[in-house]
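The chain contents come next:
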Amino acid sequence: METTTATTDDTTGPTPFTLRVTASFGLLLLLGCLVATGAITLADSIDGDGVGGMFIVAGFWALVAGALAGVAALIVPRRGLVIAQYCLAIAGPFLALMD
């Protein structure tokens, strides 16, 4: 009688090393989005009424949350954290553009 043991290893998902590398590139993306959000804020202060609105504040807070998600993804590599990092990085300049 032959017995087989089932393994619970998930071989279809990315490895922890791949997730950490992706999260580190996400931190570089966050840096670029920080520069873009700062440039949008400066352009708005020159061309607009000179007062930053709530969407600019929300854009910078989205970048802070993305940085926290990226550092958490470096420590504990999870796919959801990396996705959240990239989404929050892109949301920062878009929120600043809405002001």
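It should be noted that the structure appears before, not after, this text.
Residues numbered from 1 in each chain as written. Predicted model: local features only at pLDDT ≥ 70, side-chain atom pairs only at ≥ 80, totals over all residues. Heavy atoms only, no water.

Asks: Quick rundown of the overall build of the protein? Include the residues and the values.
Replies: For the protein, the helix and strand inventory stands at 3 helices and 0 strands. Each helix (α) and strand (β) of the protein, taken in turn from the N terminus, gives the series α-α-α. The buried share of the protein, reckoned over its 99 residues, is 26%. Across the protein, every contact between residues at least 6 apart in sequence was considered, and the portion connecting residues at least 24 apart equals 81%. With an accessible surface of roughly 6600 Å², the protein has 72% of that area assigned to carbon and sulfur atoms. (Helix = DSSP H or I, 4+ residues; strand = E, 2+ residues; numbered from the N terminus. Buried < 20%, exposed > 50% of the residue type's maximum accessible area, 1.4 Å probe, protein only. Contact = heavy atoms within 4.5 Å. Areas by Shrake-Rupley, 256 points an atom, 1.4 Å probe, with all protein chains shown as cover.)

Asks: Give a description of the side chain of D44 that names residues and reports values.
Replies: Along the chain, the position of D44 falls in helix 1 (residues 16–47). With residues near it in sequence (within four places) discarded, D44 still touches D49, G50, V51, I56 and D99.

Asks: So what's going on with the packing of helix 1 against helix 2 (residues 54–75)? Residues and values would help.
Replies: Across the interface, helix 1 lies against helix 2 with an axial gap of 9 Å and an inter-helix angle of 170°. Overall, the two elements helix 1 and helix 2 adopt an arrangement that is roughly antiparallel. The handedness of the crossing between helix 1 and helix 2 comes out as left-handed. Contact residues: R20, A23, S24, L27, L30, C33, L34, T37, G38, T41 and D44 in helix 1; I56, F60, L63, G66, A67, G70, A73, L74 and I75 in helix 2. Here the contact of helix 1 with helix 2 is built from residues that sort into 12 nonpolar, 6 polar and 2 charged. (Axes fitted to C-alpha atoms, helices over the stretch in contact; angles between N-to-C directions. Parallel < 35°, antiparallel > 145°, perpendicular 65-115°, else oblique. Left-handed = near helix turned anticlockwise from the far one by under 90°. Nonpolar A, V, L, I, M, F, W, Y, C, P; charged D, E, K, R; others polar.)

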